[in-house]
Amino acid sequence: QQTNIQDMLDEVADRFSFQLRQKSITAKVKVDRSIKQVWLDRDQIDQVLDNLVSNAVKYTSDGGSISITAMKSKDKAYVEISVQDTGIGIPAKDLSRIFDRFYRVDKARSRNMGGTGLGLSIAREIVKHHGGKIMLESELNVGTTVTFSLPLLQEGGDAK
Ligand code: ATP
Ligand code: MG
């Protein structure tokens, strides 16, 4: 359905407001002014966003910050949505497997975090079904940025 990106991102930040406040993590949402309505499956993209933001909250220590942004790709054909955190990061050796089902970085640190290791693999499937891509950049002890793209123009409706 046609979805307002600013509203969608504000709403995901709202869903996590309690956990964010509990950890004194500040979250900000920033959307390119030229992006308004995008054609997407709202339930599915919410599932992607909920996982990315829950990861960001889980793996960022108290007092950190999370930023959720939407921009247009260089060729203007896609919207690129990023969730960036100032968390513990992911070691380089794990990056290639991070989208695998059930893969979790070093059990010691994920043990008491809860979760199954499925979130990112499901996110990748959903984004693929939408005709987009997902990628993750991370630096250990610095932070992680996950970016996914969604086509701006699709059957049934185009970007306004
Ligand atoms: P689930 O999403 O099923 O509840 P999960 O969060 O452990 O469980 P994924 O979302 O697939 O699983 O993430 C896989 C692993 O990648 C995590 O266990 C964690 O080790 C690492 N990871 C994911 N996002 C981040 C992040 N923002 N910062 C640091 N590590 C991360
Ligand atoms: Mg997760």
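Looking up the protein in an unreviewed UniProt entry gives the name histidine kinase, with the organism given as Paenibacillus montaniterrae.

Looking at ligand 1, there are 21 residues lining it, with Tyr59, Arg104, Val105, Gly115 and Gly119 nearest. Those elements giving two or more residues to the shell around ligand 1 turn out to be helix H3 (42-58) and helix H5 (119-129). Sorting elements by how many residues they give to the shell around ligand 1 places H3 first, with 3 residues. When grouped by side-chain class, the residues that make up the shell around ligand 1 number 9 nonpolar, 10 polar and 2 charged.

Turning next to H3. Over its 17 residues, H3 extends 23 Å from the first C-alpha to the last, a length consistent with the 24 Å expected when each residue adds 1.5 Å. Here H3 has its buried residues at Ile45, Val48, Leu49, Asn51, Leu52, Val53, Asn55 and Ala56. On its buried face, H3 sits against helix H1 (5-15), strand S4 (65-72), strand S5 (78-85), H5 and strand S7 (143-151).

Structurally, glutamine 37 can be placed in strand S3 (residues 37-39). C-beta crowding within 10 Å serves as the criterion here: with 16 such atoms nearby, glutamine 37 is assigned to the partly exposed category. Each C-alpha atom, one on glutamine 37 and one on phenylalanine 99, is 28 Å from the other, the two residues being 62 residues apart in sequence.

For the rest of this paragraph, the subject is the environment of isoleucine 122. Tracing the backbone through its elements, the reader meets isoleucine 122 in helix H5. Take isoleucine 122: there are 16 C-beta atoms within 10 Å of it, and that puts it in the partly exposed class. Separated by 49 residues in sequence, isoleucine 122 and serine 73 have C-alpha atoms that sit 23 Å apart. If we ignore the near neighbours within four places in the chain, the residues touching isoleucine 122 are Gln47 and Asn51.

A few words now on the nonpolar core. Formed by 31 residues in total, the largest nonpolar core has its most connected members in Val12, Val48, Leu52, Val53 and Val83. Secondary-structure elements contributing two or more residues to this core are H1, strand S2 (26-31), H3, S4, S5, H5 and S7. Broken down by element, this core gets its largest block of residues, 6 residues, from H3. Ignoring sequence-local partners within four residues, the contact set of valine 12 consists of Asp46, Leu49, Asp50, Val53 and Ile68.

Reading across from one edge, S2-S4-S5-S7-S6 is the order of the 5 strands in this open sheet, with mixed pairing throughout. What marks the edges here is a single partner per strand, and that holds for S2 and strand S6 (134-139). For this sheet, the mean angle separating the axes of adjacent strands, direction not counted, is 10°. When S6 meets S7, the two strands line up antiparallel, connected through 6 bridges. Bridging from a neighbouring strand, methionine 135 pairs with threonine 147 of S7. Here H1 sits on the sheet in contact with S2, S4 and S5, set at roughly 170° to S2.

Rules used in this analysis
Residues numbered from 1 in each chain as written. Chains lettered and ligands numbered in written order. Predicted model: local features only at pLDDT ≥ 70, side-chain atom pairs only at ≥ 80, totals over all residues. Near = placed C-beta within 6 Å. Helix = DSSP H or I, 4+ residues; strand = E, 2+ residues; numbered from the N terminus. Nonpolar A, V, L, I, M, F, W, Y, C, P; charged D, E, K, R; others polar. Expected span 1.5 Å × (residues − 1). Buried ≥ 20, exposed ≤ 12 C-beta atoms within 10 Å, placed from the backbone. Contact = placed C-beta atoms within 7 Å. Core = buried A, V, L, I, M, F, W, Y, C linked by C-beta atoms within 7 Å. Pairing = 2+ DSSP bridges. Axes fitted to C-alpha atoms, helices over the stretch in contact; angles between N-to-C directions.

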